[in-house]
Amino acid sequence: MRKDRRLGLSRRTWIIILIMVLAAGFLIYSTILLLLNRFMHPADFAGLPNYMELIERRLEIRLFAEKVHGFCAAIALLGGCMVVYDFIKAGSAVPFRKLFALFGGIAVGLLACAGIFSLLDQSAYGDYFFQIYGTGIYLIIAFVVVMIFNLGKQRR
């Protein structure tokens with residue numbers, strides 16, 4: 001396993017850290033959304049004199065949750081690009097099943113997490129999956145890029 005000269009961490013360790021950052025961002029977003037839907041549901045505000053103020057507060061909190069998720073996803077994406085660059089520079093190819101297990105595991109983990117939260121809060125079922133769409137597109141692109149370079153390495 002190739003080590004980073006600056007921090008002495010292997011590629012596998014970086015991948016685990018990046019997956020944990022991505023998962024933390026998604027869990028923070030999902031937890032905040034679940035709490036908002038439980039304790040600050042818009043239907044509960046109906047008829048209150050400060051209805052619009054409460055709705056604005058709810059939207060601010062939700063925007064904060066989306067920014068936290070976006071920040072964590074951006075860190076994971078940039079770190080993932082550095083890991084892919086390191087992979088491209090490295091000499092040996094990785095077996096297809098390991099690459100598929102890595103990318104498939106990330107995708108299944110995110111979908112399972114979203115599924116659990118959506119079962120807990122069926123009023124906002126799709127909101128939990130919404131954040132996965134953007135992340136999923138980046139995962140697919142990264143998988144295709146890594147597979148192309150991996151096939152190129154296997155042919156050498």
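Residues numbered from 1 in each chain as written. Predicted model: local features only at pLDDT ≥ 70, side-chain atom pairs only at ≥ 80, totals over all residues. Heavy atoms only, no water.

J.: What is the right way to look at the environment of Met40 in this model?
T.: Tracing the backbone shows Met40 in the loop between helix H1 (11-39) and helix H2 (51-89). When the C-alpha atoms of Met40 and Ile132 are compared, they prove to be 24 Å apart, with 92 residues separating the residues in sequence. Aside from chain neighbours lying at most four places away, what touches Met40 is Leu35, Phe45, Leu54, Arg57, Arg58 and Ile61. (Helix = DSSP H or I, 4+ residues; strand = E, 2+ residues; numbered from the N terminus. Contact = heavy atoms within 4.5 Å.)

J.: Honestly, a nonpolar patch on the surface in this entry has me stumped. Any pointers?
T.: Among the surface-exposed residues, Leu77, Ile137, Tyr138, Ile140, Ile141, Val144, Val145, Ile148 and Phe149 lie close enough to one another that they form a single nonpolar patch of about 830 Å² accessible area. Looking at which element gives the most residues to the nonpolar patch, the answer is helix H4 (residues 125-155), with 8 residues. When you line up the elements, Tyr138 lands in helix H4. Relative accessible area serves as the criterion here: at 49%, Tyr138 is assigned to the partly exposed category. (Patch = residues over 30% accessible without salt bridge, like charges linked within 9 Å, V, L, I, M, F, W, Y side chains within 5 Å. Areas by Shrake-Rupley, 256 points an atom, 1.4 Å probe, with all protein chains shown as cover. Salt bridge = Lys/Arg side-chain N within 4 Å of Asp/Glu carboxyl O. Buried < 20%, exposed > 50% of the residue type's maximum accessible area, 1.4 Å probe, protein only.)

J.: Looking at this structure, I do not really get the packing of aromatic side chains. What am I missing?
T.: Aromatic ring pairs are described here by two measures, namely the spacing of the ring centres and the angle between the planes. Inspection of the entire model under this criterion finds 6 aromatic pairs. Following the ring pairs from residue to residue traces out a cluster consisting of Phe96, Phe100, Phe103 and Phe143. (Phe/Tyr/Trp six-rings, centres within 6.5 Å; stacked < 30°, edge-to-face > 60°.)

J.: Can you help me understand the packing of H1 against H2 in this one?
T.: What describes two packed helices is the angle between their axes and the distance between those same axes. Orientation of H1 relative to H2, taken along the N-to-C sense of each, is 165°, at an axis distance of 9 Å. Taken together, the axes of H1 and H2 lie roughly antiparallel to each other. For H1 against H2, the interelement crossing comes out left-handed. Considering only residue class, the contact of H1 with H2 consists of 21 nonpolar, 5 polar and 5 charged. (Axes fitted to C-alpha atoms, helices over the stretch in contact; angles between N-to-C directions. Parallel < 35°, antiparallel > 145°, perpendicular 65-115°, else oblique. Left-handed = near helix turned anticlockwise from the far one by under 90°. Nonpolar A, V, L, I, M, F, W, Y, C, P; charged D, E, K, R; others polar.)

J.: Looking at this model, I keep getting lost on the confidence of the model for the protein. Mind explaining?
T.: Should the pLDDT be low somewhere, the predicted coordinates at that spot are not to be read in detail. Here the protein averages 87 in pLDDT, and 94% of its residues register 70 or above. By mean pLDDT, the top-scoring element of the protein is H1 (93), and the lowest-scoring one is H4 (86). (pLDDT = per-residue confidence, 0-100.)

J.: Is there a simple way to think about the nonpolar core in this case?
T.: A general tendency of soluble globular proteins is for nonpolar side chains to be buried together. With 29 residues, the main nonpolar core has Phe26, Leu110, Ala114, Tyr128, Ile132 and Val146 as its most contacted residues. Those elements that place two or more of their residues in this core are H1, H2, helix H3 (96-120) and H4. Dropping the residues within four chain positions of it, Phe26 is found in contact with His69, Leu110, Cys113, Ala114, Tyr128, Gln131 and Ile132. (Core = buried A, V, L, I, M, F, W, Y, C linked by side-chain atoms within 4.5 Å.)

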